There are 2 protein chains.
Amino acid sequence: MKLAFVTGSANKLKEAREILAPIVIEQLALEVPELQGEPEEIARAKVHVAYQQARVDLFVEDTSLHCQALKGLPGPYVKHFIGKLGAEGLWQILSAFPERRAVARTVVGFVIRGKVGIAAGEVSGTIVAPRGTSAFGFDPIFQPEGEKRTYAEMSAAEKNSISHRRKALEMLRQALEAHHG
Amino acid sequence: MKLAFVTGSANKLKEAREILAPIVIEQLALEVPELQGEPEEIARAKVHVAYQQARVDLFVEDTSLHCQALKGLPGPYVKHFIGKLGAEGLWQILSAFPERRAVARTVVGFVIRGKVGIAAGEVSGTIVAPRGTSAFGFDPIFQPEGEKRTYAEMSAAEKNSISHRRKALEMLRQALEAHHG
């Protein structure tokens, strides 16, 4: 089985390959605009445009970080915050609030044999001062509930066994297996 | 002369009418998706989609707030921050940083006789604790450089004589007058 992943992120591609193995994931580099709005809308619009361009079985994803103190923000705009301020800068914003709980979320939009589907996975956790060696996104400042380590302090295999992305991609795997028998 | 303004914001419409008078501004309610990205791209994509739908002379706008401490963020996402946290909540975020300077910016995308143009206006200022009676967007927390009052403490006429929106719409007026002689 194989599937194309429309992404420009080497980190997301690596994780998707590890999580979905032995399904073969091919990177597809397309210019797919991202909307402002709720993660589901963003994923739905992206997968629609990507499929119009590529016409092959594929998926896209939108990952968001919803901080309780910020009423769900930065949400899908987290990549701009990480891109401009780093995880450290996002921590600096949150550190001014006593409430540090957050939800990490991946929404996957996929097309399998011409049919569009949406899958989502989320993990509750806490925003903490940066710890760990991985520099991927908000990994250094996100500590999943019940864990003493941030995502960035875990091995790739450990993170991939519990992450928001894992949960979303497991749903995608199930949809794929259902179609391919 | 008349021109359609594609917006769902009663406040933006009111200001545009006051600033552009005696040009007649008609509100056009269209579903125009907003992209993530830089304000110019957002305005350009919006005006493109709006014109494809309406095929009349029209304009759209994107207003952003670029905080120095946040490396230009929340930028075009400011409406989501104001919508979820209020101006008070945005002040709370900024109050944790010693650097409070910010730029308020309006980018206008317009189509006049089938030709697309972009106009922009900006005002430098400081983010302050909320003051004033107007509840429009970030007006209560934005104090323009050289002023002792926030936008929300000024009369509509005063704000409209100096604002970022005024500067952008003046450029639009000039473009319009150039086309209509």
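Check the entry above for the structure.
This text gives an overview of the structure that appears in the document. (Residues numbered from 1 in each chain as written. Chains lettered and ligands numbered in written order. Predicted model: local features only at pLDDT ≥ 70, side-chain atom pairs only at ≥ 80, totals over all residues. Heavy atoms only, no water.)

What follows is about the relation of the copies chain A and chain B. With an axial shift of 0.0 Å and an RMSD of 0.0 Å, the rotation relating chain A to chain B amounts to 180°. The operation mapping one copy onto its partner corresponds to a two-fold rotation axis. When C-alpha positions in chain A are compared against the rotation axis, the closest is assigned to A:Leu35, at 2.0 Å. Mapped onto chain B, 100% of the interface residues of chain A again fall at the interface, so both copies present the same surface. (Least-squares fit on C-alpha atoms with pLDDT ≥ 70 in both. Contact = heavy atoms within 4.5 Å.)

Residues and elements named next belong to chain A. Counting buried positions over the ten residues of strand β3 (residues 58-67) gives ten, a clear majority of the element. Neither face of β3 is left uncovered, since the one carrying Leu-58, Val-60, Asp-62, Ser-64 and His-66 and the one carrying Phe-59, Glu-61, Thr-63, Leu-65 and Cys-67 both have all their residues buried. Bridging between strand β1 (residues 2-6) and β3 involves two bridges; their strand directions are parallel. When the bridges of β3 are listed, Phe-5 appears paired with Phe-59. For β3 and strand β5 (residues 101-112), the ladder comprises ten bridges, and the chain directions are antiparallel. Within the sheet, the bridge partner assigned to Asp-62 lies in β5 and is Val-107. As paired strands, β3 and strand β4 (residues 74-75) are joined by two bridges and run antiparallel to one another. Bridge pairing in β4 places Leu-65 opposite Gly-75. Where β3 folds back on β4, the antiparallel hairpin that results is connected by six residues, among which Lys-71 adopts a positive phi of roughly 50°. (Buried < 20%, exposed > 50% of the residue type's maximum accessible area, 1.4 Å probe, protein only. Helix = DSSP H or I, 4+ residues; strand = E, 2+ residues; numbered from the N terminus. Pairing = 2+ DSSP bridges.)

Moving on, we get to the interface of chain A and chain B. Between chain A and chain B, the residue contacts involve 22 residues of the former and 22 residues of the latter. In terms of surface lost to chain B, no three residues of chain A exceed A:Gln36, A:Leu73 and A:Lys84, which account for 30% of the buried area on that side. In this assembly, chain A and chain B are joined by two salt bridges. The closest approach of N and O atoms between B:Lys84 and A:Glu38, which form a salt bridge, is 3.9 Å. Inspection of the chain A/chain B interface yields ten residue pairs in polar contact (both at pLDDT 80 or more). For the side of chain A that touches chain B, the element with the highest residue contribution is helix α3 (residues 78-95) of chain A, accounting for seven residues. (Buried area = accessible area lost by both parts, 1.4 Å probe. Salt bridge = Lys/Arg side-chain N within 4 Å of Asp/Glu carboxyl O. Polar contact = N/O pair within 3.5 Å; in protein donor to acceptor, adjacent residues only side chain to side chain.)

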